[in-house]
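Residue-level structure breakdown
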Amino acid sequence: MGKMPVPPGKQIMVATIEKAFAIVNHMIEEKRLDELGCVVVDELHMVGDGDRGVLLEIMLSKLVYLRPGTIQIIGMSATAPNLDKMAHWLRAGAYTSPFRPVPLHEYVKIGPSILNNSMKEVRRLVPVHPNDRDHLLALCSEVCPTHSVIIFCSSKDQTTKCADDLYRMMASIFGQNGQNPTHQNPFQADMLEYKKADKAILLSNLKSVGSKDSIWDRIIPYGVAFHNSSLTSEERELIEQGFSD
């Protein structure tokens, strides 16, 4: 792991952007940068992400400038839009592969319209709830519970808000604890009853690792959860396992 000060000898260090930045600076100060043979940067597109991106850009620029051609820099990203420019900056080659273990079909949603890669409308969404203005619940209902859905949000706070919004709409569809539903069910099954025992076990496991977030008691029975940096490693592991199951 990324220990400070960096002990001598051959080793593999795994670190966050912030820790890696500190490690590189420390090695520069001690004139030990020649000990670095390879730097692997996962999610290279993070270079454009606010404060953390600045640290990543400075760190990589130092490595390129101070040890040109002597430190192998490997950057990986599935979403970087400007690979050629990044490769030029890092004095590297760009390698891309279209291979995917699961076929990916890309669509764009503008208002209620679903467009293909040619920006031609293929269908229009119909809201399944008065509060479903972004049609998120409508999209989820097309595949749940047969398949799972991941919704990427722009911030940590937005992940919890999105999960809570979905829960509130689903609660009005299926009722609180199955009582007094007020809207028609667009899903392929009763989301409260689907894998009810598994969801109860997940809730119990979250409490056993010390989770005190009461939102779990509300959203998990409906098959909804969130995943962000505010969770402990134990909570994240349980949520990930629950999702894969």
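Quick caveat, the model's predicted, so the values are computed rather than measured.

Observations regarding the sheet that holds strand β3 (residues 108-110)
Strand order across the open sheet formed by three strands is β3-β4-β5, with antiparallel pairing between neighbours. Lying at the two open borders of the sheet, with one neighbouring strand each, are β3 and β5 (121-124). Taking each pair of neighbouring strands and ignoring which way they run, the sheet shows an average axis angle of 30°. Direction of pairing for β3 relative to strand β4 (residues 113-115): antiparallel, over a ladder of three bridges. From the neighbouring strand, Lys109 faces β4, where its bridge partner is Ile114.

Focus on the nonpolar core
Core analysis: the largest hydrophobic core is formed by 28 residues, its most contacted members being Met170, Phe174, Trp216, Ile219 and Tyr222. Contributing elements (two or more residues each) for this core: α4 (136-141), α5 (156-174), α6 (196-208), α7 (215-219) and α8 (233-244). Among the elements that make up this core, the one with the highest residue count is α5 (nine residues). Apart from residues lying up to four places away in sequence, Trp216 is in contact with Leu203, Leu206, Ser211, Pro221, Ala225, Phe226, Leu231, Glu235 and Ile239. If you look at the next biggest cluster of nonpolar residues, it comprises 23 residues, including Ile17, Val24, Ile73 and Met86.

A few points about the packing of aromatic side chains
Counted under the stated rule, the structure contains two aromatic pairs. Ring plane angle 65° and centroid distance 5.6 Å describe the contact between Tyr167 and Tyr222, whose orientation is recorded as edge-to-face. Of the two residues, Tyr167 sits in helix α5 while Tyr222 sits in the loop between α7 and α8, which places them 55 residues apart along the sequence. Residues Tyr167 and Tyr222 agree in their burial class; the two are buried.

Looking at the side chain of His135
Take His135: it is sitting in the loop between β5 and α4. For His135, a relative accessible area of 7% corresponds to the buried category.

A word on the pattern of salt bridges
Tallying each qualifying case throughout the model produces 10 salt bridges. Taking the shortest distance from any N to any O, the salt bridge between Glu30 and Arg32 comes out at 2.8 Å. Looking at Glu30, the relative accessible area reads 39%, which means it is partly exposed. Taking relative accessible area as the criterion, Arg32 reaches 12% and is therefore assigned buried. Measuring nitrogen to oxygen at the nearest pair gives 3.1 Å for the salt bridge that ties Glu121 to Arg124.

Cut-offs applied
Residues numbered from 1 in each chain as written. Predicted model: local features only at pLDDT ≥ 70, side-chain atom pairs only at ≥ 80, totals over all residues. Heavy atoms only, no water. Pairing = 2+ DSSP bridges. Helix = DSSP H or I, 4+ residues; strand = E, 2+ residues; numbered from the N terminus. Axes fitted to C-alpha atoms, helices over the stretch in contact; angles between N-to-C directions. Core = buried A, V, L, I, M, F, W, Y, C linked by side-chain atoms within 4.5 Å. Buried < 20%, exposed > 50% of the residue type's maximum accessible area, 1.4 Å probe, protein only. Contact = heavy atoms within 4.5 Å. Phe/Tyr/Trp six-rings, centres within 6.5 Å; stacked < 30°, edge-to-face > 60°. Salt bridge = Lys/Arg side-chain N within 4 Å of Asp/Glu carboxyl O.

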